[in-house]
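# Observations on the model geometry
The lines below spell out each chain.
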Amino acid sequence: EFIKDAFSPVDVHLHGPLEKLRQFVDAQLLISAQTTSGSANALYGATALDLARQGVAHIPGGMGGIADKLTAVIKRNGGEVKFRQEVVQVKKKPDGFFSVETRRGEIYHADAVIFNLPPWNIANLLKSGLPSPLKKLPAKPPDGWGAFMIYAGIDKDNVPADFPLHHQVVAQEPLGEGNSLFLSISPEWDVDRAPPGKRAVTISTHTKLEPWWELNKGDQASYDERKNRYTERLLQVAEQVLPDFKGSAELVLPGTPVTFERFTRRAWGWVGGFPQTSLFRSWGPQIGSGLWMVGDSVFPGQSVPAVMLSGLRIARMVAVKEARKASAKQKTVRHRQRGLV
């Protein structure tokens, strides 16, 4: 059964007239595996579906709080974190080291580079002399998603007492494009995400990338109309969770894949990595000598737990490889000193 599930989709286990169960599973998988039960790999899907059972943890500041804690740990251990420094080019030098150039013209030298960007961004930064995996890239991601987001603020009195903080709403199928959404409410105690007496609400729906970019480049009026239409749709569907949400929201900030690319620099605003349709689809972490990739493009894909796992694994792999290289160099030096080479 284990071997069979390694090559089968989740829906081989969804038998009978359990339509509501299938919808629930599909909504869960779309968030965690970027595809639904008809395509999601069964082994991966089993793990992804277990995340909801384990529950969600909250730290002050949410995702931003995680970034702050990571920054503090890096600095505490002697590392340095640069802000507002967009990398524009990475070059491999004749001595095997790399030069990393920022938009401000600063250059940093490294013996290993770890990218937290999708393969398309990495290929653009390396420009030439691409490692073999990057040479085979199609022009754009063949599938996968962007996200249409709403960042909203409401008064705490509009949230019932002991109300769940996370909701998946399926208004109709097919999922995504405003027909389904994921809604999260900040904990009342988290004053880093919203002022006292207020609550932050984030709403997202999966959306295809191409229509947003076509309109953004050729028909700005239609782009704005589409953004307004999606905003109204998400506010309407959100009222299945929070009645009169549209009327009570004190702040409504929509974001499209175009917005996401502007703030994160991820090509086309692509989010979530590759749909987990096969255990063999995701990229390996090492894309070339001294070049590594971390994040949702690397197995096991997207979500905080998955990206953390990939980060831990790659950190260990890099540490081992760099230690071996340093040991080999020291050995060569000793041999030269002894006249053995």
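Structural notes, computed from the coordinates. Note that the structure is a prediction, hence the values are computed from the model and not measured.

Rules and cut-offs
- By convention here, each chain's residues receive numbers from 1 onward along its written sequence.
- The model is predicted, so local features are restricted to residues of pLDDT at least 70 and side-chain atom pairs to those at 80 or more, both for listing and for counting; the totals for chains, interfaces and linings are taken over all residues.
- Processing note: side-chain calculations cover all non-hydrogen atoms of the structure and skip hydrogens and water entirely.
- Where helices and strands are cited, they refer to DSSP runs of H or I of at least four residues and of E of at least two residues respectively, numbered from the N terminus.
- Only buried residues count toward a nonpolar core. Its members are Ala, Val, Leu, Ile, Met, Phe, Trp, Tyr and Cys residues joined through side-chain atoms within 4.5 Å.
- Any residue under 20% of the maximum accessible area for its type is buried, any over 50% is exposed, and the rest in between are partly exposed; the area is computed with a 1.4 Å probe on protein chains only.
- In summary, the pairing rule links any two rings of Phe, Tyr or Trp, Trp by its six-membered ring, whose centres are within 6.5 Å, and it sorts them by plane angle into stacked for under 30 degrees, edge-to-face for over 60 and tilted for everything else.
- Remark: a charge is flagged as sitting over a ring if the NZ atom of Lys or the CZ atom of Arg is within 6 Å of the ring centre and within 35 degrees of the ring normal.

Moving on: the environment of lysine 331. Tracing the backbone through its elements, the reader meets lysine 331 in helix H11 (residues 304-337). Distance from lysine 331 to alanine 306, taken between C-alpha atoms, is 38 Å for residues 25 residues apart in sequence.

Bringing the nonpolar core into the picture now. Grouped together as the largest cluster of nonpolar side chains are 53 residues, with contacts concentrated most on Phe115, Ile203 and Phe245. Among the nonpolar cores identified, the runner-up in size contains seven residues, and Val25, Ala33, Tyr44 and Ala48 belong to it.

The subject of this paragraph is the packing of aromatic side chains. Given two aromatic rings, their pairing is described by the distance between the two centres and the angle made by the two planes. Applying the stated criterion to the full structure yields 10 aromatic pairs. Each ring, one from tryptophan 120 and one from phenylalanine 274, has its centre 6.2 Å from the other, and the planes form 45°; the classification is tilted. Of the two residues, tryptophan 120 sits in helix H5 (residues 119-126) while phenylalanine 274 sits in the loop between helix H10 (257-264) and strand E10 (286-288), which places them 154 residues apart along the sequence. The same class applies to tryptophan 120 as to phenylalanine 274, namely buried. Judged by centre distance (5.9 Å) and plane angle (80°), the rings of tryptophan 212 and tyrosine 223 are edge-to-face. Within this pair, whereas tryptophan 212 is found in helix H7 (residues 210-218), its partner tyrosine 223 is found in helix H8 (residues 220-238), the two being separated by 11 residues in sequence. The two residues tryptophan 212 and tyrosine 223 agree in class, both being buried. Through pairs of rings, three or more aromatic residues link up here, namely Trp120, Trp268, Trp270 and Phe274. In this structure, lysine 208 packs its charged tip against the face of tryptophan 145, placed 4.1 Å from the ring centre. One cation-aromatic arrangement involves arginine 226 over tryptophan 212; the distance from NZ or CZ to the ring centre is 4.4 Å.

Note that every value here comes from positions in space, so none of it alone points to a role or purpose.
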